[in-house]
Every structure is written in C-alpha cells, then in structure tokens.
Amino acid sequence: QQLRYVNKQSTSVRLQWHPPLHLNGVTEKYNIMLAKGRSVSPHTHNDKSLAVPMTVDGNISNARLTNLRELTWYTAWIVAVNVRETDHKQLMSLPSNVKNFGTSSGSSSAPRDVRSNVSDVSAVIWWQHPRNL
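The present account deals with the structure reproduced in this document. If you're wondering where the values come from, they're calculated on a predicted model, not measured in any experiment.

Definitions and limits used
- Every chain is numbered on its own, with residues counted from 1 as its sequence reads.
- Where local features are concerned, this predicted model is filtered to residues with pLDDT of at least 70; where side-chain atom pairs are given and counted, the filter is 80 or more; whole-chain, interface and lining totals use all residues.
- Note that the side-chain values use all heavy atoms of the structure and ignore hydrogens as well as water.
- Each reported salt bridge corresponds to a side-chain nitrogen of Lys or Arg within 4 Å of a carboxyl oxygen of Asp or Glu.
- Here the term buried applies to any residue with accessible area under 20% of the maximum for its type, exposed to any over 50%, and partly exposed to those in between, with areas from a 1.4 Å probe on protein chains only.
- Working definition: a ring pair exists when centres of Phe, Tyr or Trp rings (six-membered ring for Trp) sit within 6.5 Å. Plane angles under 30 degrees give stacked, over 60 give edge-to-face, the rest tilted.
- A run of H or I in DSSP becomes a helix once it reaches four residues, and a run of E becomes a strand once it reaches two; helices and strands are each numbered from the N terminus.
- For this analysis, a polar contact is any N or O atom pair within 3.5 Å, provided that within protein one partner can donate a hydrogen and the other can accept it, and provided that sequence-adjacent residues contribute only side-chain to side-chain pairs.
- Strands qualify as paired when DSSP identifies two bridges or more between them.
- Only C-alpha atoms enter the line fits that serve as axes; for helices the fit covers just the stretch in contact. Angles between N-to-C directions range over 0 to 180 degrees.

What the rule picks out here adds up to 1 salt bridge. The salt bridge partner of arginine 115 is aspartate 113, with a shortest N-O separation of 3.8 Å. Residue class for arginine 115 comes out partly exposed when judged on its relative accessible area of 44%. We classify aspartate 113 as partly exposed; its relative accessible area is 46%.

Here it is in structure tokens:
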C-alpha cells in the first residue's frame, strides 16, 4: 500500500497511500494505526500503545492526523477493510509498510547549559545547542 508521510508539522502529519493491489471486494474503509515510539510493530503492538486509531472511507487515500505531541516519535501503518458480499463479513488486509516519523518543535527551543565569564572589558558566553529529534 506504499504508506508515506507528507507535510509533517509540529502537531500534525498527512499520510498518503495507494489502494491494495489485490482486492477481496470493495475497500470499505482504512484503519490507520498510530503508536508512540519507533520500535512498534503491527505484529507486536498492544491496543494500549495506540495513540490515535482512526478510520477513513475506502475511497480516500490520505488522512491528516492532528493533535500529535511536539518532539515525539510515532509509528504508523494502515489496514484496508473489505466487506465480502456473500455474507457481509469484514476482511482485513495485511498491514501496510510501517512508517516512523518524528514531530518537530513548534517554536525554537532555548539553548542549554548557558555559562558566562564577564570582566570589566569583555564577556564570553558558552551554550549547548537545543536538543532536536
């Protein structure tokens, strides 16, 4: 399904994907799974780790996820859901490829570990760069 992210911001991201190559009926919806962290897998996650489960209509191939936390790593994947016409049973596809991404800071962070040495004729200031993802 070739999941990818575009237009990533400090508290939101837009995900895009392609429909499955082999359909078992009409795609009714997509379940978008978003978990905090980089080492989450569709095969090993538990429901408590899901930060933002979301469903979109089956004819849509993108979604904007909002209300994310700044400076946080996420893992996302999607699953297509079809409905079998004979018995109306829902069938789920295998998970898409997994995408890891980190949100940015909404504003510049302050320098860390600021120190100074001031005399009558000069001033020297040292600092550490702000922490980034």
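A word on the packing of aromatic side chains. Evaluated as defined, the whole model comprises 3 aromatic pairs. Aromatic side chains tyrosine 5 and phenylalanine 101 sit 5.5 Å apart centroid to centroid with 45° between the ring planes, which places their arrangement in the tilted category. Placement of tyrosine 5 in strand 1 (residues 4–6) and of phenylalanine 101 in strand 8 (residues 99–102) is noted, with a sequence separation of 96 residues between them. According to the relative accessible area criterion, phenylalanine 101 is buried, its value standing at 0%. Ring plane angle 65° and centroid distance 5.2 Å describe the contact between tryptophan 17 and tyrosine 30, whose orientation is recorded as edge-to-face. Taken together, the residues tryptophan 17 in the loop between strand 2 (13–16) and strand 3 (27–36) and tyrosine 30 in strand 3 connect sequence positions 13 residues apart. Put simply, the rings of Tyr5, Tyr74 and Phe101 touch in pairs and so form one group of aromatic residues.

Counting through the fold element by element, threonine 72 comes out in the loop between strand 5 (62–65) and strand 6 (73–83). Within the local environment of threonine 72, its side chain forms a polar contact with the backbone oxygen of arginine 69, the two atoms lying 3.4 Å apart. Of the polar contacts made by the side chain of threonine 72, one reaches the backbone oxygen of glutamate 70; its length is 3.0 Å.

Taken in spatial order, the 3 strands of this open sheet run 1-2-5, and their pairing is antiparallel. Each end of this open sheet is capped by a strand with a single partner; those strands are strand 1 and strand 5. Here the average twist between neighbouring strands, direction ignored, is 30°. Of the strand pairs in this sheet, strand 1 and strand 2 are connected by 3 bridges, and their pairing is antiparallel. Bridge assignment links arginine 4 to a residue of strand 2, and that residue is glutamine 16.

Functional significance is not addressed by these values, which are geometric in nature.
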